[in-house]
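Tertiary structure, described
One-letter residues, chain by chain:
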Amino acid sequence: MTAEPPLSAELALERAADAGIHTLRIPTPFAVGRVNTYLIEDEPLTLVDSGPNSGKSLDELEHQLAERGHSIDDIELIVLTHQHIDHIGLVEIIVGHSGADVAAIDRMVHFIEHFGEDAGKDDEFASAIMLRNGIPSDVVQALRSVSAAFRSWGAAAKVTRPLHDGARLEFRDRTLEVMHRPGHSPSDTVFWDAERRILFAADHLIKHISSNPLISRPLQRDGEEAEQERPKALLTYMESLRKTRELPAEIVLPGHGDPVTDHVALIDKRLEFHRGRAEKIYGLIAEQPRNGYELAQALFGNVAVTQAYLTLSEVLGHVDLLLDDGRVTEHGREGVVYFEANG
Ligand SMILES: [Zn+2]
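Note that the structure is predicted; figures quoted are calculated from it, not measured.

**Remarks on the overall build of the chain**
Each helix and strand counted, the chain has 12 helices and 14 strands in total. Taking 343 residues into account, the globule formula puts the C-alpha radius of gyration at 20 Å, and the chain, at 20 Å, falls close to it. Taken along the three principal axes of its C-alpha coordinates, the chain extends 60 × 50 × 35 Å. The buried share of the chain, reckoned over its 343 residues, is 54%. When the accessible surface of the chain is totalled, it reaches about 14900 Å², and 49% of it is carbon and sulfur.

**Brief notes about helix 4 (residues 91-98)**
Owing to its 3.6 residues per turn, the α-helix brings residues three or four apart onto one side. Every buried residue belonging to helix 4 is among Val91, Ile94 and Ser98, and all of these are buried. In a view along the axis of helix 4, the buried residues occupy a sector of 70°, so they form one face of it. Packed against the buried residues of helix 4 are strand 3 (46-48), helix 2 (55-67), strand 4 (77-79), helix 3 (85-88) and strand 5 (101-105). At the C-terminal side of helix 4, Gly99 shows a positive phi close to 70°.

**Here we look at the layout of surface pockets**
A volume near 1600 Å³ is recorded for the largest pocket. Forming the boundary of the largest pocket are 45 residues, of which Phe30, His84, Leu214, Gln307 and Leu310 lie nearest the centre. Those elements that provide at least two residues to the lining of the largest pocket are helix 3, helix 6 (115-132), helix 7 (137-150), helix 9 (263-287), helix 11 (303-306) and helix 12 (308-324). With 8 residues, the single largest contributor to the lining of the largest pocket is helix 6. Looking at side-chain class alone, the lining of the largest pocket contains 23 nonpolar, 13 polar and 9 charged residues.

**What about the coordination of the zinc ion?**
Listed as protein donors to the zinc ion are Asp86 (OD), His87 (NE2), Asp203 (OD) and His256 (NE2); their distances from the metal cover 2.0 to 2.6 Å. Around the zinc ion, the 4 donor atoms are arranged such that angles at the metal cover 87 to 164°; this shape is classified as irregular. Going along the chain, you hit the donors of the zinc ion in the pattern D-H-x115-D-x52-H. Taken together, the positions of Asp86 in helix 3 and His256 in the loop between strand 11 (251-254) and helix 9 put the pair 170 residues apart, joining distant regions of the chain. Its relative accessible area of 7% is what places Asp86 among the buried residues.

**Overview of the packing of helix 10 (residues 292-300) against helix 12**
Between helix 10 and helix 12, the least distance of the axes is 9 Å, while the angle of their chain directions is 105°. By the angle class used here, helix 10 and helix 12 are roughly perpendicular. In this structure, helix 10 uses Gly292, Tyr293, Leu295, Ala296, Leu299 and Phe300 to contact helix 12, whose residues at the interface are Thr311, Leu312, Glu314, Val315 and Val319. Of the residues that constitute the contact of helix 10 with helix 12, the class distribution is 8 nonpolar, 2 polar and 1 charged.

**Quick notes on the environment of Arg217**
Within the element layout of this structure, Arg217 appears in the loop between strand 10 (198-202) and helix 8 (233-245). In this structure Arg217 comes out as buried when scored by relative accessible area, which is 6%. A sequence separation of 96 residues divides Arg217 from Lys121, and the C-alpha atoms of the two residues are 7.9 Å apart. A polar contact is formed between the side chain of Arg217 and the backbone oxygen of Asp118, at a distance of 3.3 Å.

**Some words on the nonpolar core**
If you look at the biggest cluster of nonpolar residues, it comprises 53 residues, and the most contacted ones within it are Ile21, Leu61, Ile75, Leu80, Ile94, Phe191 and Phe200. Judged by nonpolar contacts, the second largest core, of 48 residues, contains Ala126, Leu241, Leu271 and Val328.

**Focus on the sheet that holds strand 1 (residues 21-26)**
Spatially, 6 strands are ordered 1-2-3-4-5-6 in an open sheet, and the strand pairing comes out mixed. The sheet terminates laterally at strand 1 and strand 6 (161-163), the two strands that pair on one side only. When strand polarity is set aside, the average angle formed by the axes of neighbouring strands in this sheet is 20°. Where strand 3 meets strand 4, 3 bridges bridge the pair, whose relative direction is parallel. Residue pairing for strand 4: Val48 is matched across the bridge by Val79. In the packing of helix 2 onto the sheet, the strands contacted are strand 1, strand 2 (35-40) and strand 3, and the crossing angle to strand 1 comes to about 150°.

**Quick word on the sheet that holds strand 12 (residues 290-291)**
Spatial ordering of the open sheet is given by 12-14-13, a layout of 3 strands whose pairing is antiparallel. The open sheet is flanked by strand 12 and strand 13 (328-333), the only strands paired with a single partner. Relative to strand 14 (residues 336-341), strand 12 is paired through 2 bridges, and the arrangement is antiparallel. Paired with Asn291 across the bridge in strand 14 is Tyr338. Helix 9 rests against strand 12, strand 13 and strand 14 of the sheet, and its axis sits at about 95° to strand 14.

**Some thoughts on helix 7**
The terminal C-alpha atoms of helix 7, which comprises 14 residues, lie 20 Å apart, in line with the 20 Å expected from a rise of 1.5 Å per residue. By the burial criterion, the buried members of helix 7 are Val139, Val140 and Leu143. Along the axis of helix 7, the buried positions cluster into a sector of 95°, meaning they face one direction only. Residues of helix 7 that are exposed and point over 90 degrees away from its buried face: Asp138 and Gln141. Tucked inside the fold, the buried residues of helix 7 contact helix 6, helix 10, helix 11 and helix 12.

Rules of the game
- Residues numbered from 1 in each chain as written.
- Predicted model: local features only at pLDDT ≥ 70, side-chain atom pairs only at ≥ 80, totals over all residues.
- Heavy atoms only, no water.
- Helix = DSSP H or I, 4+ residues; strand = E, 2+ residues; numbered from the N terminus.
- Rg over C-alpha atoms; globule rule 2.2 N^0.38 Å.
- Buried < 20%, exposed > 50% of the residue type's maximum accessible area, 1.4 Å probe, protein only.
- Areas by Shrake-Rupley, 256 points an atom, 1.4 Å probe, with all protein chains shown as cover.
- Arc of directions from axis to C-beta.
- Contact = heavy atoms within 4.5 Å.
- 1 Å grid on protein atoms, 1.4 Å probe; cavity = no way out; pocket = protein on both sides within 12 Å on 5 of 7 lines; lining within 4 Å.
- Points joined across faces, edges and corners; volume = space filled by probe spheres on them.
- Nonpolar A, V, L, I, M, F, W, Y, C, P; charged D, E, K, R; others polar.
- Donors = N, O, S within 2.8 Å, 3.2 Å for Na, K, Ca; no water.
- Tetrahedral: all angles 85-135°; square planar, octahedral: opposite > 155°, others 65-115°.
- Axes fitted to C-alpha atoms, helices over the stretch in contact; angles between N-to-C directions.
- Parallel < 35°, antiparallel > 145°, perpendicular 65-115°, else oblique.
- Polar contact = N/O pair within 3.5 Å; in protein donor to acceptor, adjacent residues only side chain to side chain.
- Core = buried A, V, L, I, M, F, W, Y, C linked by side-chain atoms within 4.5 Å.
- Pairing = 2+ DSSP bridges.
- Expected span 1.5 Å × (residues − 1).

In structure tokens, the structure reads:
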């Protein structure tokens with residue numbers, strides 16, 4: 001059997017449209033630009049993700065639905081791919097118009113239903129991690145106010161259909177298999193149409209940017225306190241990517257940008273990039289012990305200040321690879337963690 005060449009992005013979108021899947025590109029206030037939501041013309045009439053909570057996003061969504069002969073009142077089901085606000089913000093408003101069901105992986109339910117409160121806890125968690133890794137408290141404070149300001153682009157919503165990992169979402173014309181693939185966020189879920197070899201992957205795999213495995217507060221389930229240990233987001237993410245690599249996908253529909261039609265090659269490229277970056281960080285640590293903030297500054301310069309949490313998440317993810325391999329050890333010094341190369 002010879003491998004067929006990957007489809008062009010254009011052809012992939014055409015193929016998806018033939019399967020009743022239409023990409024609606026909704027504006028966001030974030031650096032990432034527009035977010036992809038997907039309209040599935042099936043029974044139930046479904047949206048995968050919603051776009052952020054803003055009037056402009058809602059207008060665009062309504063406009064793009066109207067181009068396909070629908071209104072938001074017609075939506076019967078909203079399927080959520082993960083907890084980030086550019087994907088969930090409009091859910092409550094759409095449900096208000098349509099009474100649509102909301103489906104999301106079970107471990108995300110608490111977060112979605114208690115959005116404001118849980119997002120606040122995320123900020124506290126992030127602050128503690130930044131301080132422990134050497135980020136100055138004035139930078140931490142500044143980031144907290146930015147994050148609090150962005151929170152209005154999210155909103156709480158009720159999840160009416162909690163999904164288990166491995167569950168099947170049945171439609172009239174298709175079945176989507178639910179797969180939990182944490183890493184970019186703890187709730188990342190991909191939806192697999194085995195018959196058509198189409199994967200809804202959201203931010204788990206994006207063609208033009210390496211999805212940042214953000215260090216996030218572990219998800220809390222009802223009646224449980226979240227564990228407080230720092231999650232190893234990059235290790236988790238790489239494990240998830242390896243699982244996705246095994247799927248015989250032809251078209252991967254991402255949360256931003258064009259469809260991916262060569263996911264194996266793209267995943268290999270990502271895995272290689274992370275290993276390369278870990279080597280670079282090992283070199284810096286071998287020169288002298290450094291904390292996370294110092295490593296981020298050495299790698300990213302001033303971006304380590306303006307995007308302190310993002311760059312720290314990057315660095316700690318790669319340090320986790322080195323810790324996991326036993327090449328680096330961590331030591332506390334006056335409440336800050338330093339990394340040291342093992343002789
Ligand atoms: Zn996103």
